[in-house]
Amino acid sequence: METLAQQLTPRQIVAELDRYIVGQQAAKRAVAVALRNRWRRQQIRGDLRDEVMPKNIIMIGPTGVGKTEIARRLAKLAGAPFVKVEASKFTEVGYVGRDVDSMIRDLADVSVQLVKAEAMERVQGRAEELSEERLLDLLLPPPTENKPRFGFGTPEAAPAPRDTALEESREKFRRMLREGKLEDRQVELDLKERASGTLQVFSNTGLEEMGVNLQEMLGGGRKTKRRKVSIAEARRMLAAEEAERLVDMDAVLREAITRAEEAGIVFIDEIDKVSSRGGANGGPDVSRQGVQRDLLPIVEGSSVTTKYGAVRTDHILFIAAGAFHITKVSDLIPELQGRFPIRVELEPLGRAELERILSEPKNSLIRQYTALLETEGLALEFTPDAVAEIARVAQEANERTENIGARRLHAVVERLLDEVSFDADSLENKQVRVTAELVRERLDQILQSEDLARYIL
């Protein structure tokens, strides 16, 4: 299971994260070392390897500074199963929420989807070849073989004679298919309908969201339905069907369970919402401590039953995060604190960081909006002083209302480009230059308004 991330050193992992996330070097270093330690553990021989446990991380910082993005990008870089859950949604006395085991069941689902997608990609070439043959069978059905006649004897069926004309026609259609000349032609196709009729059981006993397929229980299986579709759509559907057939699902499930156990990453957000403020003898704080105690065995290492089999959580990397405005990490129960030995604080974003976020990352907002409007034939250009002005507006809005960090930039840029986005298809001038003057003209009046929340969320 050698992935790109396992070939990278911590310094290279941080460099990859820098392409998408501005600043927060302490958090990047912590997750880079945690990821590299997984590779290091795999190199250890003998029983000691099972004794090396992941060093779980807790990130402390206000909303919108990059906590979730760091964890998500790390998982994507590692090719690892990743789930994000919110601690406040877990079930405890007096609450209607989710069972804590559901995070591992979700991780198993993601792992199966990930491994299956990789397996289907490996057989895609063969699946496309088979789908092409099936398309040719639809366009030129092969001749029916001679059947034995009824009688006292049962003579064998005579082999169908070789039809040279049919083979030539088939090759001609094959060339036309590959050249895309038959894409709009309609063919009738027997397609399997998606399985339906699942029963969802909601409770706090670990059965929630475990779908029971009623058709499979009754032995009905999946029915087929004849549809008329274009060659282009038929090719895609047949290739997907053939890839499904070529994939060994037993091997996929075994690999998925292993990957979830050895490489899975669970991001627990809002963990501060279940921390107790201390000094309370009952009420909500008791329930919060209950949620923490439910989380504890999962983080410590236990076996969770999923529909794919049992998943051990001993070597899953858990990354928790919270703003901790009102509470502190020390307000968590000591046992849970001990399972998150690495603590990193993320810095709040200032004007300089917001300015960098607008333009530096590979997926920056400016690049996104430029690409979106380019589809309308419109060339969008931001001057450097305009970028600085947008950052200033976002910072002032964060200071005057709730500080939501970099998420404020989405609202500000959306408001700034509202008219351009709406009229993009009908604008005569396809060159739009966003300057500092334009930013002030569109947004300064909003900042001066008392009702800021009406305009900028």
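Here's a quick rundown of the structure. Keep in mind it's a predicted model, so treat the numbers as computed, not measured. Think of each chain on its own: its residues are numbered from 1, step by step along the sequence as written. Thresholds applied to this predicted model are a pLDDT of at least 70 for local features of residues and 80 or more for the giving and counting of side-chain atom pairs; totals over whole chains, interfaces and linings are not thresholded and use all residues. Each side-chain value is worked out from all heavy atoms of the structure, with water and hydrogens disregarded.

Things to note about a negative patch on the surface
Now for step 1: A patch consists of residues whose relative accessible area exceeds 30% and which take part in no salt bridge; residues with like charges are grouped when within 9 Å of each other, and nonpolar side chains (Val, Leu, Ile, Met, Phe, Trp, Tyr) when within 5 Å. In these tables, accessible area is a Shrake-Rupley quantity obtained with a 1.4 Å probe, and a residue counts as shielded only by the protein chains included in the view. Salt bridges are identified by distance alone: a Lys or Arg side-chain nitrogen within 4 Å of an Asp or Glu carboxyl oxygen. For the purpose of counting charges, residues Lys and Arg are taken to be positive, whereas Asp and Glu are taken to be negative. His and the chain ends are not included. Just so you know, the charge point we use is NZ for Lys, CZ for Arg, CG for Asp and CD for Glu. Residues Glu376, Glu414, Asp418, Asp423 and Asp425 make up a contiguous surface patch of negative charge.
Now for step 2: Where helices and strands are cited, they refer to DSSP runs of H or I of at least four residues and of E of at least two residues respectively, numbered from the N terminus. Here Glu376 is to be found in the loop between α15 (365-374) and β12 (379-382).
Now for step 3: Throughout this description, buried means an accessible area under 20% of the type-specific maximum (1.4 Å probe, protein chains only), exposed means over 50%, and partly exposed covers the range between. Its relative accessible area of 38% is what places Glu376 among the partly exposed residues.

Things to note about the side chain of Arg392
Now for step 1: Mapped onto the elements of the fold, Arg392 is located in helix α16 (residues 384-400).
Now for step 2: Of the residues examined, Arg392 reaches a relative accessible area of 15% and is grouped as buried.
Now for step 3: Reaching out from Arg392, the side chain makes a polar contact with the side chain of Glu396 at a distance of 2.7 Å. N or O atoms within 3.5 Å of each other form a polar contact, as long as, within protein, one can give a hydrogen and the other can take it, and as long as residues adjacent in sequence are counted only when both atoms are side-chain atoms.

Considerations on helix α14 (residues 351-359)
Now for step 1: When α14 is considered as a whole, its buried residues turn out to be Leu354, Ile357 and Leu358. One face of α14 carries all of its buried residues, which in axial projection span an arc of 105°.
Now for step 2: By definition, residues are in contact when any of their heavy atoms lie within 4.5 Å. Tucked inside the fold, the buried residues of α14 contact α15, α16 and α17 (407-416). Comment: arc refers to directions from the helix axis out to C-beta atoms.

A closer look at helix α3 (residues 25-43)
Now for step 1: Multiplying one less than the number of residues by 1.5 Å gives the expected span of a helix. End to end, α3 covers 27 Å across 19 residues, agreeing with the expected 27 Å (1.5 Å per residue, within 8%).
Now for step 2: Inspection of α3 places Ala27, Lys28, Ala30, Val31, Ala32, Ala34, Leu35, Arg36, Arg38 and Arg41 among the buried residues, and these make up the whole buried set.

A short note on the sheet that holds strand β11 (residues 342-345)
Now for step 1: The criterion for strand pairing is that DSSP finds at least two bridges linking the strands in question. Across the sheet, which stays open at both edges, the 5 strands sit in the order β2-β7-β10-β1-β11 with parallel pairing between neighbours. Two strands bound the open sheet, and with one partner strand each, they are β2 (82-86) and β11. Sheet twist, expressed as the average angle between the axes of neighbouring strands with direction ignored, equals 20°.
Now for step 2: The pairing of strand β1 (residues 57-60) with strand β10 (residues 317-322) spans 4 bridges and is classified as parallel. Each bridged residue has a counterpart across the sheet, and for Ile58 the counterpart in β10 is Ala320.
Now for step 3: Lines fitted to the C-alpha atoms define the axes, with helices restricted to the stretch that makes contact. Angles between their N-to-C directions range from 0 to 180 degrees. The sheet contacts of helix α5 (residues 67-78) involve β1, β2, β7 (265-269) and β10, and relative to β7 the element is tilted by about 170°.

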